[in-house]
2 protein chains.
Amino acid sequence: MNREPTERQKFLLALVVHEYVRTAMPVSSLTLVEQYKLDMSSATVRNELAALTEMGYLRQPHTSAGRVPTEEGYRFFVGRLMQETALPDSMRHTITHQFYQMGTDVEQWMRLAASVLAHQSRAASLVTAPHPERARLKHLELISTRGRQVLMVLVIVGGEIRQRILTLSEPVPQEKLSEVADRISRQLQDRDADSIRALRSHFDGLAYDILGYVIDDLYKTERTISGEIFTDGLTNVLAEPEFSNSEEARRALRLLEERTLLQELLARTVFATNAVGGVQVLIGGEGTWEDLRQSSLLLTRYGVPGQATGTLGVLGPMRMAYGRTISTLRFLAGLLSDLVAETLVEDEHHTN
Amino acid sequence: MNREPTERQKFLLALVVHEYVRTAMPVSSLTLVEQYKLDMSSATVRNELAALTEMGYLRQPHTSAGRVPTEEGYRFFVGRLMQETALPDSMRHTITHQFYQMGTDVEQWMRLAASVLAHQSRAASLVTAPHPERARLKHLELISTRGRQVLMVLVIVGGEIRQRILTLSEPVPQEKLSEVADRISRQLQDRDADSIRALRSHFDGLAYDILGYVIDDLYKTERTISGEIFTDGLTNVLAEPEFSNSEEARRALRLLEERTLLQELLARTVFATNAVGGVQVLIGGEGTWEDLRQSSLLLTRYGVPGQATGTLGVLGPMRMAYGRTISTLRFLAGLLSDLVAETLVEDEHHTN
DNA sequence: ATTTAGCACTCTAGCGGGTAGAGTGCTAAA
DNA sequence: TTTAGCACTCTACCCGCTAGAGTGCTAAAT
């Protein structure tokens, strides 16, 4: 069933996908000939479409309807036929400019990335903040609040900040707290949880206790996929005809709402089937994700591998402008990677 | 058209609302008699329903259909007829317990609040974090990163934390930075932006510069309605029949997605028409909000007025279980207010 | 060996008519 | 004032029909 299509068949398959993405209606042989001024008759096209249908790349909603790509068809298109629609240079510049103008606020970057992705792909986007794979201590601060309660602020290499309220066994004056925090900051700077645990025994009572919380928090930082998942363009997917019945829409949106589902998905998808230049393409849920049966999910990682990475994703109908979406993803991933690299270099420099 | 209904008419109006909320189908006179074992005939009910229709509280989708509440009908119901469905004690305890178990992480509180609200109301919920009306400095930290770049961490009374990267005119060693931060923290603790601005001239070069950023950030904190708006239960509203056509669904969800719209709404709604014990009830967009024509929005504030407050909201179809939703809102607002008050007291105590 | 014109065939979307039933409003009696 | 009874209205649904879109196949043309 899946023998290699001829060149002409591949060409026609690409046209069918393109046309179907554009119109959301089954594509007929005559439409193709007229729309793309093909140098052959509709009968010839019909024969070829019949062959593609035989091979499993197209299907007919019913006997007297045009053709629609199957999941297999989309996969073949994305993997073998698609040419990326490069973003116009002006657009790239505008976007780059926006990011650099935004300063160094990670949260703003994430919102902007989500917004750009949603706009360009006309689908729902999701972005996770860059997340250190090994959380290393950059700075510790202890602030006395009331009695035995202390606010612990943990600055992690890369800029992430964690806060937490501790309850100590007895009240400790601010001077003492500052002194301990300062000692820990200086002596354990740039160390990760494991390393701090090994050195913990060198510290006395209060510092020893505090380090317990620090280690705990560093581990927590490594474990959580990311504090927050930024999304945008949810309403885009509701606008698509395949989600007009709203039951399908719910299925898809549930993913974006239930972070646990999403995290599982992200975790399992790192090793996904269809990858184009670092972009994972999940079409129709790949038979595994019931809720995504009608949808496609594109994912890519950005950042500096081994140090801090995050995820960019687009969720939309299977009938999606893969070319434009993938190249947007790639462009944004590159841009964000540069930004992350720069902040890491800054930290690095500080270390030496 | 709006003369006062008789007692019996009010009673029947309440029944119609109740029944329609339950079934989402037009309510007939016979249904009412049977469902609620009324001590009168369907003909009598019919006469009363006709009167209520005349008054504008009910309408008929077509001649031979049952009755459906109008916006006016819902307003009358909420304002005059509704009895709140108190949450069962066991539920209150469970929820309270969850909050106290969660510790002092504000973000977790918000997520939990959004989740509880969405569940209880079976609609979409939105929650903004408690936000100080006057941002007062609690603690300042300056951390050298690379060359002239410095990470400024601002802890604000109430627990909020802001971070920002500054670029100084020349490199400054960490010791000097710490000393300046420490001096500022000690001397300007608990002061707000205005107060710090007045005292700024007492400080020398570096500290003076830094204070500029501090003042700026404090103002920013006061201006932003809240860093983040937490939502949950978006898929609940998609499940409602009135949103099955997806165009309506988009309109409603757009509000929750576009934070600017939402902020405008929150700002203008503080002075809204229909308020029940602190809960603002916006029915059918009150003629102003085109996107909410089919929806109702319930809002309430929580926190300590004049110090730190936040907003709780529920967005759902006009056909909503107002009783349960409002009492849930009230309960949660009280709970969160207590929590906020406690953290404020802690800070207060620390001050003395 | 392909390509293509021609044509019979199939299936859907849409329309009109016809019907059952739900629910009303009204009238007249209780 | 309530209620039984009934005529009336409107919808939802089913049915059959038709126009048209698009196919697959066959046989001729290249």
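Keep in mind it's a predicted model, so treat the numbers as computed, not measured.

Now for the domain arrangement of chain A. Residues and elements named next belong to chain A. By domain assignment, chain A separates into domain 1 (7-81), domain 2 (89-129 + 226-351) and domain 3 (137-223). Put simply, the middle of domain 1 and the middle of domain 2, counted by C-alpha atoms, are 29 Å apart. If you look at the interface, domain 1 gives 7 residues, while domain 2 gives 14 residues. For the pair domain 1 and domain 2, the two sides together bury roughly 980 Å², of which 69% comes from carbon and sulfur. Across the domain 1-domain 2 interface, the total number found is 0 salt bridges. The set of elements that each furnish at least two residues to the side of domain 1 that touches domain 2 consists of α1 (7-23) and α4 (71-81). Considering every element that reaches the side of domain 1 that touches domain 2, the biggest residue donor is α4, with 4 residues.

Attention now goes to the sheet that holds strand β7 (residues 161-167) of chain A. Residues and elements named next belong to chain A. Spatial strand order, β5-β6-β7: 3 strands in an open sheet with antiparallel pairing. Each edge of the open sheet carries a strand with a single partner, namely β5 (137-144) and β7. Ignoring strand direction, the axes of neighbouring strands in this sheet form an average angle of 20 degrees. Judged from the 7 bridges that link them, β5 and strand β6 (residues 149-156) form a sheet pairing that is antiparallel. Its bridge partner lying in β6, Leu140 is registered against Leu154. Sitting on the sheet, helix α7 (residues 174-188) touches β5 and β6, and the angle it makes with β5 is about 175 degrees.

A word on the layout of surface pockets. Space inside the second largest pocket adds up to approximately 1,500 Å³. Lining the second largest pocket we find 45 residues, and of these Ile229, Thr231 and Leu256 of chain A together with Ile229 and Thr231 of chain B sit closest to its centre. Tallied by class, residues from the lining of the second largest pocket come to 18 nonpolar, 13 polar and 14 charged.

All names here are of chain B. In contact at an axis separation of 10 Å, helix α5 (residues 89-101) and helix α6 (residues 106-121) are set at 160 degrees when each is read in the N-to-C sense. The orientation of α5 relative to α6 falls into the category roughly antiparallel. In the packing of α5 onto α6, the handedness of the crossing is right-handed. Of the residues in α6, those in contact with Met91, Ile95, Gln98 and Phe99 of α5 are Trp109, Leu112, Ala113, Val116 and Gln120. Of the residues contributing to the contact of α5 with α6, the split by class is 7 nonpolar, 2 polar and no charged.

Rules behind the numbers
- Residues numbered from 1 in each chain as written.
- Chains lettered and ligands numbered in written order.
- Predicted model: local features only at pLDDT ≥ 70, side-chain atom pairs only at ≥ 80, totals over all residues.
- Heavy atoms only, no water.
- Domains from an automatic or database assignment.
- Contact = heavy atoms within 4.5 Å.
- Buried area = accessible area lost by both parts, 1.4 Å probe.
- Salt bridge = Lys/Arg side-chain N within 4 Å of Asp/Glu carboxyl O.
- Helix = DSSP H or I, 4+ residues; strand = E, 2+ residues; numbered from the N terminus.
- Pairing = 2+ DSSP bridges.
- Axes fitted to C-alpha atoms, helices over the stretch in contact; angles between N-to-C directions.
- 1 Å grid on protein atoms, 1.4 Å probe; cavity = no way out; pocket = protein on both sides within 12 Å on 5 of 7 lines; lining within 4 Å.
- Points joined across faces, edges and corners; volume = space filled by probe spheres on them.
- Nonpolar A, V, L, I, M, F, W, Y, C, P; charged D, E, K, R; others polar.
- Parallel < 35°, antiparallel > 145°, perpendicular 65-115°, else oblique.
- Left-handed = near helix turned anticlockwise from the far one by under 90°.

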